[in-house]
Amino acid sequence: MDIRNELFRNLRNRKPGYGLEQAFYSDPDYYRLDMETIYYRDWLFIGHDCEVAKPGNYFTVQVGDYPVVIVRDRQGQIRAFHNSCRHRGSRICAGEKGSSAKLVCPYHQWTYELDGRLLFARQMGEDFDASQFSLKTVHCESVGGYIFICLAQIAPDFTPTRTLLEPYLAPHRLTETKVAFQSSIVEKGNWKLVWENNRECYHCAGNHPELCKTFPEAPSATGIQGSKEDPEMVSHWDKCEAAGLPSVFRIAEDGQYRATRVPLINNAESYTLSGKRAVGRQLSDDVNARSIGSLLLYHYPTTWNHILGDHAISFRVLPLGPNETQVTTKWLVHKDAVEGVDYDLEELTHVWLETNDQDRRIVEENAFGIRSPAYEPGPYSVEHEGGVLQFLEWYSNAMETRLSGDTKLSRVA
């Protein structure tokens, strides 16, 4: 039996309410199918508009086998290209980020305009047609300060994603922010374990003492389980909606992305040990209401987010291998906020730096145990782990549909 049929069969045979078989979390062939079927074909959150604030600003990212560069061109448009020279394939931008008037390959100095056009290729002969050797484009969209890319030749329609997310993001004006701090860690576990851990707070009380001072552990907090029947949640939605902040839980038809606004506990304003604001200046000049809690935004397979009144935190999930996942966290503040005046960096980042490291240890211990020959999938808590079940439902449906051929897979660019 080939690996595609084996994976398909195992998804179909999964016991309802239980986890996945061991191979889903460790097998290199299953990992390769995850990348080909999901990461190389879906829209992926990759960074923020404010990271390429001016023409010539760029940053790079590696998605599986694909190096990509994101750049703002001279007309102000954000573009994404395969970070591979059209001459002999050398990587053009090796740094994590930078600024350049042109994109120049360091190998033979082939020079590209910021819109990808090849401008200069030395001594290539009279018949050489530079117009045929522009950088290969990667689909790129921006919504509410969030940049998404898609590696497929034919990308899924981004309009439904924009339609759902934009109203929630717009008041926060994240295009007018800056990255105050960035952290990347490698968790030695499969990307699905990273997501399963994120999708429940069943583990929070025993593992996240800092986060639990402000973030609600109730399953209704993320919207999947009973949020519309939770009177505190509904009251919070009503209050925020009255202040012009879309808040009611909404989810895409296929479950891939969703947004909702949740109250923090103990009248907290922000993710700090005291619950007080981490940043003196509001994140957005358009949001003056206090006690707005956190806007939670999720988009599988790459991002979850917390957007508060004083700052925002984005998380990006990129697999590095079957047993390694990079999690990048960025703290955004108003572009005019001044470190040491409007915020203290340690206070701003402490809770989530601690929480991320705690989650890293959890995922790694989970992965270690799953690799045991004695492992077999166990049942999820119906009361607390509905979010995990929803993630696995999305993953299973996406994989089954695409592997079965019901939806033709677009070829990767």
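Predicted model, so just to flag it, every value in this text is computed and none were measured. (Residues numbered from 1 in each chain as written. Predicted model: local features only at pLDDT ≥ 70, side-chain atom pairs only at ≥ 80, totals over all residues. Heavy atoms only, no water.)

Asker: What's the story with the packing of aromatic side chains in this structure? I'm lost.
Answerer: When we look at a pair of aromatic rings, we describe it by the centre distance and by the angle of the planes. Tallied over the full model, the rule gives 24 aromatic pairs. Between the aromatic rings of Tyr271 and Trp352, the centroid separation amounts to 5.9 Å while the plane-to-plane angle is 85°, which identifies the pairing as edge-to-face. One end of the pair, Tyr271, is in the loop between strand E13 (257–262) and strand E14 (294–299); the other, Trp352, is in helix H8 (residues 345–370), with 81 residues separating them in the sequence. Neither residue differs from the other here; Tyr271 and Trp352 are each classed as buried. Note that Arg258 overlies the ring of Tyr298, its terminal NZ or CZ placed 4.4 Å from the centroid. When the ring centre of Phe59 is taken as reference, the NZ or CZ atom of Lys330 above it lies at 5.5 Å. (Phe/Tyr/Trp six-rings, centres within 6.5 Å; stacked < 30°, edge-to-face > 60°. Helix = DSSP H or I, 4+ residues; strand = E, 2+ residues; numbered from the N terminus. Buried < 20%, exposed > 50% of the residue type's maximum accessible area, 1.4 Å probe, protein only. Lys NZ or Arg CZ within 6 Å of the ring centre and 35° of its normal.)

Asker: Just checking my understanding: could you explain the domain arrangement of the protein for this structure?
Answerer: Interfaces are often sized by the accessible area lost when the parts come together. By domain assignment, the protein separates into domain 1 (43–150) and domain 2 (159–371). A C-alpha centroid distance of 30 Å is found between domain 1 and domain 2. Listed by partner, the interface residues are 20 residues for domain 1 and 22 residues for domain 2. Both faces considered, domain 1 and domain 2 share a buried interface measuring about 1700 Å² in area, 62% of it formed by carbon and sulfur atoms. Three residues, Phe45, Val143 and Tyr146, lead the burial of domain 1 against domain 2; their summed loss comes to 31% of the area buried on that side. Remark: the boundary between domain 1 and domain 2 carries two salt bridges. The tally of links between domain 1 and domain 2 comes to eight residue pairs in polar contact (both at pLDDT 80 or more). (Domains from an automatic or database assignment. Contact = heavy atoms within 4.5 Å. Buried area = accessible area lost by both parts, 1.4 Å probe. Salt bridge = Lys/Arg side-chain N within 4 Å of Asp/Glu carboxyl O. Polar contact = N/O pair within 3.5 Å; in protein donor to acceptor, adjacent residues only side chain to side chain.)

Asker: In this structure, what is going on with the sheet that holds strand E3 (residues 66–72)? I would like to understand it.
Answerer: Sheet strands pair via backbone hydrogen bonds, and the direction of the pair is either parallel or antiparallel. Taken together, seven strands build an open sheet; the order of strands is E1-E10-E9-E4-E3-E2-E5 and the sheet is antiparallel. The outermost strands of the open sheet, each flanked by one partner alone, are strand E1 (44–48) and strand E5 (97–99). Each strand axis lies, on average, 30° off the axis of its neighbour in the sheet, ignoring direction. Across two bridges, the pairing between strand E4 (residues 78–82) and strand E9 (residues 137–143) is antiparallel. Directly across from Phe81, in E9, lies its bridge partner Thr137. Against the sheet, helix H4 (residues 159–169) contacts E9 and strand E10 (146–150), and its axis sits at roughly 45° relative to E9. (Pairing = 2+ DSSP bridges. Axes fitted to C-alpha atoms, helices over the stretch in contact; angles between N-to-C directions.)

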